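Residue-level structural notes
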Amino acid sequence: MPESTLKRAIIFGGTSGIGLATAQLLAQRGVKVFALGPEPSQPPHLQDVCGPSWVHCDVSNAAEVELAIKSITREAPIDWLVYSAGIQRYGSAVECTVEEWDLVQTINARGAFLAAHFTLPHMRSGGAIVNVSSVQAVACQYGVAAYAASKGTLDALTRALALDHASAGIRVNAVLPGTVDTPMVRSSAELFRGDKTTEAVVSEWGRLHPLGRVAQPLEVAQAIAFLLSDQASFITGATLAVDGGLLAQLSVRL
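By convention here, each chain's residues receive numbers from 1 onward along its written sequence. Only residues with pLDDT of at least 70 are given local features in this predicted model, and only at 80 or more are side-chain atom pairs given and counted; all residues enter the totals for whole chains, interfaces and linings. Side-chain metrics rest on all non-hydrogen atoms present in the structure, leaving aside hydrogens and water.

Examining the nonpolar core
Note on terminology: a nonpolar core comprises buried Ala, Val, Leu, Ile, Met, Phe, Trp, Tyr and Cys residues joined through side-chain atoms within 4.5 Å. Whether a residue is buried, partly exposed or exposed follows from its accessible area with a 1.4 Å probe, protein chains only, as a fraction of its type maximum: under 20%, in between, or over 50%, in that order. Ile10, Phe12 and Leu36 are the most contacted members of the largest nonpolar core, which totals 34 residues. Helix and strand assignments follow DSSP, with helices taken as H or I runs no shorter than four residues and strands as E runs no shorter than two, numbered in order from the N terminus. Of all the secondary structure elements, the ones that give two or more residues to this core are strand 1 (8-12), strand 2 (32-37), helix 2 (62-73), strand 4 (78-83), helix 3 (98-119), strand 5 (123-132) and helix 4 (145-165). Residue contacts follow a heavy-atom distance rule, with two residues in contact if any of their heavy atoms lie within 4.5 Å. Here Phe12 is in contact with Leu36, Cys57, Val59, Val65, Ile69, Leu81, Val82, Tyr83, Ser84, Ala85 and Ala115, once residues within four sequence places are set aside. Membership of the second largest hydrophobic core comes to 31 residues, among which are Trp80, Ala215, Leu228 and Val242.

A closer look at the side chain of Arg8
With respect to the secondary-structure elements, Arg8 resides in strand 1. Polar contacts here mean pairs of N or O atoms no more than 3.5 Å apart (in protein, one a potential hydrogen donor and the other a potential acceptor; neighbouring residues in sequence count only if both atoms are side-chain atoms). Among the polar contacts listed, one links the side chain of Arg8 to the backbone oxygen of Ile72, at a separation of 2.6 Å. Among the polar contacts made by the side chain of Arg8, one reaches the main-chain carbonyl oxygen of Pro77 at a distance of 2.9 Å.

Considering the environment of Ile170
On the secondary structure map, Ile170 appears in the loop between helix 4 and strand 6 (171-177). Distance from Ile170 to Leu120, taken between C-alpha atoms, is 8.9 Å for residues 50 residues apart in sequence. Those residues within four positions of Ile170 in sequence are excluded, and the remaining contacts are Leu120, Met123, Arg124, Gly127, His165 and Thr236.

Let's talk about the packing of aromatic side chains
To describe a pair of aromatic rings, you give the distance between the ring centres and the angle between the ring planes. In this analysis, rings of Phe, Tyr and Trp, with Trp reduced to its six-membered ring, are considered paired at centre separations within 6.5 Å, and the interplanar angle assigns stacked below 30 degrees, edge-to-face beyond 60, and tilted for intermediate values. Within the structure shown, the criterion is met by two aromatic pairs. Relative to Tyr83, the ring of Phe12 has its centre 5.7 Å away and its plane inclined at 35°; by these criteria the two rings are tilted. Linking Phe12 in strand 1 with Tyr83 in strand 4, this pair joins segments that are 71 residues apart in sequence. Residues Phe12 and Tyr83 agree in their burial class; the two are buried. Judged by centre distance (4.9 Å) and plane angle (85°), the rings of Tyr90 and Phe192 are edge-to-face. With a gap of 102 residues between them, Tyr90 in the loop between strand 4 and helix 3 and Phe192 in helix 5 (residues 183-192) connect regions that are remote in the sequence.

Here's the deal with the pairing of strand 2
A large share of strand 2 lies buried, amounting to five of its six residues. Here a crossover is taken to be right-handed if, once the strands point away from the viewer, the path from the first strand over the helix to the second is traced clockwise. Crossover handedness for the path strand 1 to helix 1 (residues 17-28) to strand 2: right-handed. Paired strands are those between which DSSP finds at least two bridges. In terms of strand pairing, strand 2 meets strand 3 (residues 53-56) through four bridges, oriented parallel. By the bridge assignment for strand 3, Leu36 is matched with Val55.

Notes on helix 7 (residues 217-228)
Between its first and last C-alpha, helix 7 extends 17 Å over 12 residues, near the 16 Å set by a 1.5 Å rise per residue. Here helix 7 has its buried residues at Pro217, Val220, Ala221, Ala223, Ile224, Ala225, Leu227 and Leu228. In the core, the buried residues of helix 7 are packed alongside helix 1, strand 4, strand 5, strand 6 and strand 7 (239-242). Multiplying 1.5 Å by the residue count of a helix minus one yields the expected span of that helix.

A look at the pattern of salt bridges
Any Lys or Arg side-chain nitrogen located within 4 Å of an Asp or Glu carboxyl oxygen qualifies as a salt bridge. In the structure shown here, the tally under the stated rule is eight salt bridges. In this structure, Arg186 and Glu199 form a salt bridge, with 3.1 Å as the shortest nitrogen-oxygen distance. Here Arg186 is found in helix 5, whereas its partner Glu199 is found in helix 6 (residues 198-207), with 13 residues between them in sequence. Overall, Arg186 belongs to the partly exposed group, its relative accessible area being 26%. Judged by its relative accessible area of 44%, Glu199 falls in the partly exposed class. The shortest N-O distance in the salt bridge between Arg213 and Glu219 comes to 2.8 Å. We classify Glu219 as partly exposed; its relative accessible area is 29%. Taken together, the salt bridges that share partners define one network made up of Asp181, Arg186 and Glu199.

Functional significance is not addressed by these values, which are geometric in nature.
This is the structure:
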């Protein structure tokens, strides 16, 4: 396929978890993928010549985001943007420090704004954006004030972008994953495991989902790929739950 006809995708947070699975899936489908991550050097799992191209980028730094986008779009415009960068910090509004709050909002919400702000001027008509939000934008646990607020902001930003750029032929949607077996989830499980194993905690969290398990990153990546594709050509401003039925249930059982 000629280089000019290849789809080109930028994936923030493309070096780990859902972002990495998305980068790999799109690359396997013939998309020219740029996986952005904060690592100081290219991660070994991205060194396959047939896989995604790695680009260093700290999403908390506006100048770095702008420079990364400029370097990528110097060759050609972009078709797809996925924002999958994110962090989790725990605590109520009292327990969460101001520094933790600011960091979570910076990575999870401000970073998504910066990605859109600098990418949209270089995006082709017919392009698409998918933001990786969370079920906790809609219904949250105890002790996740900063994270839930950041994901709620991300959902609102998704709707605003969808409206503002529909006339340019650009669609913007979000996926809302439940618990996904990613390094971030395993880090949380390690934090709360007590005398249990991390694997046991992840399995327990999975059993809370109606489907009885956690998701694998590829399952969310497949939903992202659908929303990017022409198969979703009349979908914009939407939030797609990829949560094993988590949001469909009430905690009170008969």
